[in-house]
Amino acid sequence: MGMLAWLRRHVQGVPGASDPALDADSAFAEAGPQTRFGMRPGATVSGLDFYQAIEFQRRWKLRLSAYVRGEACARQPWRDIARDDRCELGRWLQQAGSLQGRNAVLVQRLREQHAQLHRAAAEIVRLADAGQRDTALQALRHGDFAHASHATVAGLSELFIALNEPAGEADRRH
């Protein structure tokens, strides 16, 4: 299965489809080999490496979990984590204003999902710092962070598909 087919399956909400943030490696393994610079073919569109952005979401969840369990240190205070304009995806979203039509709508939705993700991550770190580790772990697994993470990955997937589709293809599918 190619990368676009894998992402489409997750965007369409196919029953039994796993969380794309947890399954990103398999999609790209199936999509083909890496280039000599480590990039996967077709993963960078409009200046953003969508594979890395999705993979970052998976790794962020793992790092937050390790922090909440006391197995790692926070790299930033929770107030800084709440800022959605300091990470690579956030900076790209701030500059994605040149996208038009449906893509602009998808970028705006992704911007909102990404901002919610940062707010939820900051709350998890704040809770852990306050000694409320059980509450933080529940929020990570089942709360706003889990929902925002899934929504962000789905938004990234949907935007990647839209940016890779030939003109008019999206209109025929909708």
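Anything mentioned here points back to the structure above.
This one's a predicted model, so the numbers in the text were calculated from it and none came from an experiment.

Cut-offs applied
- Residues numbered from 1 in each chain as written.
- Predicted model: local features only at pLDDT ≥ 70, side-chain atom pairs only at ≥ 80, totals over all residues.
- Heavy atoms only, no water.
- Core = buried A, V, L, I, M, F, W, Y, C linked by side-chain atoms within 4.5 Å.
- Buried < 20%, exposed > 50% of the residue type's maximum accessible area, 1.4 Å probe, protein only.
- Helix = DSSP H or I, 4+ residues; strand = E, 2+ residues; numbered from the N terminus.
- Expected span 1.5 Å × (residues − 1).
- Polar contact = N/O pair within 3.5 Å; in protein donor to acceptor, adjacent residues only side chain to side chain.

Peer 1: Go over the nonpolar core, please, and point to the residues and values.
Peer 2: Ranked by size, the top nonpolar core spans 20 residues in total, and within it Phe50, Leu89, Trp92, Leu156 and Leu159 carry the most contacts. Elements with a minimum of two residues in this core: α3 (50-68), α5 (88-94), α6 (101-129) and α8 (144-164). In terms of residue count, the dominant contributor to this core is α8 (6 residues).

Peer 1: Talk me through α8; I want residue IDs and the actual numbers.
Peer 2: If you check α8, its first and last C-alpha atoms are 30 Å apart, about what 21 residues at 1.5 Å a residue would give, namely 30 Å. Taken across its 21 residues, α8 has 15 buried, putting it largely inside the fold.

Peer 1: Which residues make up α3, and what values go with them?
Peer 2: Taking 1.5 Å of rise per residue, 19 residues should cover 27 Å, and α3 covers 27 Å from first to last C-alpha, within 8% of that figure. Within the span of α3, buried status applies to Phe50, Tyr51, Ala53, Ile54, Glu55, Gln57, Trp60, Leu64, Ser65, Ala66, Tyr67 and Val68. Its side-chain oxygen at 2.9 Å from the backbone nitrogen of tyrosine 51, aspartate 49 defines the N-terminal cap of α3. Trailing α3 by a residue or two, glycine 70 shows a phi angle of about 80 degrees, which is positive.

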